[in-house]
Amino acid sequence: MKSIRDKSLFKNKNYIGGDWIDADSKETLTVKNPASLEILGTVPKSGKKETDRAIQAAKETFPSWRKKTAKERSNILYEWFRLILENKEDLAEIMTLEQGKPIAESRGEIVYAASYLEWFSEEAKRTYGDIIPSHRTDTRVFVSKGPIGVVATITPWNFPTAMLARKIAPALAAGNTVVSKPSELTPYSALALAVLGERAGIPKGVWNLVTGDPFAIGESLLQNKDVRKLSFTGSTKTGQYLMEKSAPTLKKLSLELGGNAPFIVFEDADMDEAIKGAMLSKYRNTGQTCICVNRFLVQDSIAEEFATRLSKEAAKLKVGSGLEPGVEQGPLISEAALKKVEAHVQDAVSQGAKILTGGKKHLLGGNFYEPTVLFPINKDMLVFKEETFGPVSSIMTFSSEEDAIAKANDTEFGLASYVYTRDISRIFRMTENLECGMVGVNEGVISSEQVPFGGVKFSGMGREGSKYGMDDYTVTKYICLGGIT
Ligand code: SIN
């Protein structure tokens, strides 16, 4: 904390209607550093009252915000983008302190988050409609894209700044006003973003941030008819709950949910590239990424070699506090996350998987877990069926392309997939047959503000980022102009 230059970025209040306020009850939640387990500070434990107030503020400011020209909104979002980059070091440090990821990854996430503000500041001006050939001679037909109204966002702890930016940037660019609930584990990154939003000129009440009791805040957002859209990133179970509870008020939904990404390596693949991509995809953010590999599927003939090489690389990772120089893997977010990883590894080992490296809590204690490689795994193991969300590479073999596709699709999830092969026809067959929203071909890092991020099946609905990202935050209106003579 000492090295944060601009201490005013470290806020511990709600941001509602342009005011920085406590919870009415004055109750607070503590926020811990997952590396040291020390208390970083407290934030308001807000609930229904504060959330209702935030919704009211967003409702009242909607008419004036939507009336601004696209260019006016664009300029504010662009200034926000600029301020985020200007404060990158402080924002990255706040993130590492509360989230645990290595500082280099936090810096990367701040740039990634800022890129959504930049991108949607540009897209704001390109929210085009259409002129459609009319079905009658005396009418003309137009289509316009407009804002929805008050948008609620609920975002996770694994990418506390980027996931928030990816939602609020298109929402605000389109002319909506927003109420956001960040994760109670990582509220400071969101609050710092609000400080910069205020400095960038976001008018009071246009963006509101409420910290606190997730259930009480969620209920208020869900029940309120004025909240016309809900955008959520998190677990499938919570997504299903939110969808069910959004039914009575018929909210438009964007749900970016869990994944179970296969990483398929064929025998003709460039092994060096596959190992490089595997390391980047698997161990980013200590394996706590929705699109990170959950299951390695490797062709029989090269599986031993792949497993041996991957375990050597995993064993080299420097584990520690994200603020220490050279650290490549931080702690897991919580004891519950650690327990889940332990349970998955134990389950796999009890069913015959071998531990090639790691396989236990790290000597550093706390929430640290060793980078781990398990081989071979099978379909009955939890590591195959569920998202482990930790630094565990679970490797299984396949015999043929058909076998690889069947195993890859043998999951209710469908977020990301990865394929390594040099056969161009196979690339097309694989990308067409994999049931998912995103495919990396000979590439383990696929995220960018310019691409549509999202899944199919139990991984959710809607797309974030790219030119498609505006659709989730707009309504299409058809205008029939009559009396044309
Ligand atoms: C996620 O884990 O959902 C986000 C990862 C990314 O945007 O790359």
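Residues numbered from 1 in each chain as written. Predicted model: local features only at pLDDT ≥ 70, side-chain atom pairs only at ≥ 80, totals over all residues. Heavy atoms only, no water.

- As recorded in an unreviewed UniProt entry, the chain goes by the name Glutarate-semialdehyde dehydrogenase DavD, listed as coming from Leptospira kobayashii.
- Recorded under Sequence similarities (unreviewed entry), the UniProt text for the chain is reproduced unchanged: "Belongs to the aldehyde dehydrogenase family." (UniProt positions renumbered as here; feature names shortened; annotations may be inferred.)

### Regarding the overall build of the chain
Inference 1: Secondary structure summary: the chain contains 14 helices and 22 strands in total.
Inference 2: Its C-alpha radius of gyration of 23 Å places the chain within 12% of the 23 Å reference for a compact globule of 485 residues.
Inference 3: Seen through its principal axes, the chain has C-alpha atoms that stretch 70 × 60 × 40 Å.
Inference 4: Each of the 485 residues in the chain was classed as buried or not, and the buried ones make up 58%.
Inference 5: Within the chain, residue pairs in contact and separated by at least 24 positions form 72% of the contacts whose partners lie at least 6 positions apart.
Inference 6: Of the accessible surface of the chain, which amounts to about 19,400 Å², a share of 54% is contributed by carbon and sulfur atoms.
Inference 7: Charge separation in the chain, taken as the distance between the mean sites of 61 positive and 61 negative side-chain charges, equals 6 Å. (Helix = DSSP H or I, 4+ residues; strand = E, 2+ residues; numbered from the N terminus. Rg over C-alpha atoms; globule rule 2.2 N^0.38 Å. Buried < 20%, exposed > 50% of the residue type's maximum accessible area, 1.4 Å probe, protein only. Contact = heavy atoms within 4.5 Å. Areas by Shrake-Rupley, 256 points an atom, 1.4 Å probe, with all protein chains shown as cover. Lys, Arg positive; Asp, Glu negative; His and termini not counted. Charge placed at Lys NZ, Arg CZ, Asp CG, Glu CD.)

### A closer look at the packing of aromatic side chains
Inference 1: Across all of its chains, the model carries 12 aromatic pairs by this definition.
Inference 2: Where Tyr15 meets Trp20, the ring centres are 4.5 Å apart and the plane angle is 35°; that geometry is what we call tilted. No difference in accessibility class separates Tyr15 from Trp20, as the two residues are buried.
Inference 3: On the basis of an interplanar angle of 85° and a centroid distance of 5.9 Å, the ring pair of Trp157 and Phe389 is categorised as edge-to-face. One end of the pair, Trp157, is in the loop between strand E7 (150-154) and helix H5 (162-173); the other, Phe389, is in the loop between helix H12 (382-385) and strand E16 (392-398), with 232 residues separating them in the sequence. Accessibility classification places Trp157 together with Phe389 in one group, the buried group.
Inference 4: For the cation-ring pair, Arg166 lies above Phe453, with the distance from its terminal atom to the ring centre recorded as 3.8 Å. (Phe/Tyr/Trp six-rings, centres within 6.5 Å; stacked < 30°, edge-to-face > 60°. Lys NZ or Arg CZ within 6 Å of the ring centre and 35° of its normal.)

### Notes on the environment of Glu27
Inference 1: Following the sequence through the fold, Glu27 ends up in the loop between strand E2 (19-21) and strand E3 (28-32).
Inference 2: Leave out the neighbours within four places in its chain, and Glu27 touches Val43, Pro44 and Lys45.

### Considering the environment of Gln450
Inference 1: Relative to the helices and strands, Gln450 resides in the loop between strand E19 (438-441) and strand E20 (456-457).
Inference 2: C-alpha separation for the pair Gln450 and Phe120, spaced 330 residues apart in sequence, amounts to 9.8 Å.
Inference 3: In this structure the side chain of Gln450 is engaged in a polar contact, spanning 3.4 Å, whose partner is the side chain of Glu449. (Polar contact = N/O pair within 3.5 Å; in protein donor to acceptor, adjacent residues only side chain to side chain.)

### Brief notes about empty space enclosed by the protein
Inference 1: One pass over the full model with this rule turns up three cavities of 30 Å³ or more.
Inference 2: Considered as a void within the structure, the largest cavity measures approximately 90 Å³ in volume.
Inference 3: What lines the largest cavity is a set of 13 residues, among which Phe159, Met163, Arg166, Thr289 and Phe453 lie closest to the centre.
Inference 4: For the lining of the largest cavity, the class distribution of residues is six nonpolar, four polar and three charged.
Inference 5: The calculated volume of the second largest cavity comes to roughly 80 Å³.
Inference 6: What lines the second largest cavity is Leu280, Ser281, Arg284, Thr289, Ile291, Cys292, Tyr418, Gly444, Val445, Ile446 and Ser447. (1 Å grid on protein atoms, 1.4 Å probe; cavity = no way out; pocket = protein on both sides within 12 Å on 5 of 7 lines; lining within 4 Å. Points joined across faces, edges and corners; volume = space filled by probe spheres on them. Nonpolar A, V, L, I, M, F, W, Y, C, P; charged D, E, K, R; others polar.)

### Digging into the sheet that holds strand E12 (residues 261-265)
Inference 1: Read across the sheet, seven strands follow the order E14-E15-E16-E13-E12-E18-E19 without closing on themselves; strand pairing throughout is mixed. Among the strands making up the open sheet, the edge pair consists of strand E14 (354-357) and E19. Across the sheet, the mean angle separating the axes of adjacent strands is 25° when strand polarity is ignored.
Inference 2: Inspection of the sheet shows strand E13 (residues 293-299) paired to E16 by four bridges, in the parallel sense. Opposite Phe296, over in E16, you have Ile395 as the bridge partner.
Inference 3: In the packing of helix H9 (residues 271-283) onto the sheet, the strands contacted are E12, E13, strand E15 (372-375), E16 and strand E18 (416-420), and the crossing angle to E13 comes to about 160°. (Pairing = 2+ DSSP bridges. Axes fitted to C-alpha atoms, helices over the stretch in contact; angles between N-to-C directions.)

### Here's the deal with the site of the ligand
Inference 1: Around the ligand sit Tyr112, Asn158, Phe159, Met163, Arg166, Glu256, Arg284, Thr289, Cys290, Ile291, Ser447 and Phe453, and those are all the residues in its vicinity.
Inference 2: Separating an oxygen atom of the ligand from a backbone N or O atom of Cys290 is a distance of 2.8 Å.
Inference 3: At 2.4 Å from an oxygen atom of the ligand is found a side-chain nitrogen or oxygen belonging to Ser447.
Inference 4: Contact with the protein chains covers 100% of the free accessible surface of the ligand, which is 260 Å².
Inference 5: When atom positions are compared with the pocket grids, the ligand is found to occupy the largest cavity.
Inference 6: Looking at the shell around the ligand residue by residue, the class counts come to six nonpolar, three polar and three charged. (Near = heavy atom within 4 Å. Sits in = over half its atoms within 2 Å of the grid points.)

### Some words on the sheet that holds strand E6 (residues 140-147)
Inference 1: Overall, antiparallel pairing links the three strands, which are arranged E5-E6-E22 in an open sheet. Of all strands in the sheet, those with a lone pairing partner are strand E5 (130-132) and strand E22 (474-481), marking the two edges. On average, adjacent strands in this sheet sit at an angle of 25° to one another, irrespective of strand direction.

### Side note on the UniProt feature "domain: Aldehyde dehydrogenase" (unreviewed entry) in the chain
Inference 1: As annotated in UniProt, the feature "domain: Aldehyde dehydrogenase" (unreviewed entry) corresponds to residues 20-479 in the numbering used here.
Inference 2: Note that residues 20-479 is 40% helix and 21% strand, and that its end C-alpha atoms are spaced 42 Å apart.

### Observations regarding the pattern of salt bridges
Working definition: two side chains of opposite charge can pair if their charged atoms are close together.
Inference 1: Within this structure, the stated rule accounts for 29 salt bridges.
Inference 2: Where Glu123 meets Arg126, a salt bridge forms, and the shortest distance between an N and an O atom there is 3.4 Å.
Inference 3: The buried category is assigned to Glu123, whose relative accessible area is 8%.
Inference 4: Between Arg429 and Glu401 there is a salt bridge, and its shortest N-O distance comes to 2.7 Å. With Arg429 in helix H14 (residues 424-433) and Glu401 in helix H13 (residues 401-408), this residue pair connects regions lying 28 residues apart in the sequence.
Inference 5: The exposure class of Arg429 is partly exposed, given its relative accessible area of 34%.
Inference 6: According to the relative accessible area criterion, Glu401 is buried, its value standing at 12%.
Inference 7: Taken together, the shared-partner salt bridges connect Arg166, Lys167, Glu256 and Glu464 into one network. (Salt bridge = Lys/Arg side-chain N within 4 Å of Asp/Glu carboxyl O.)

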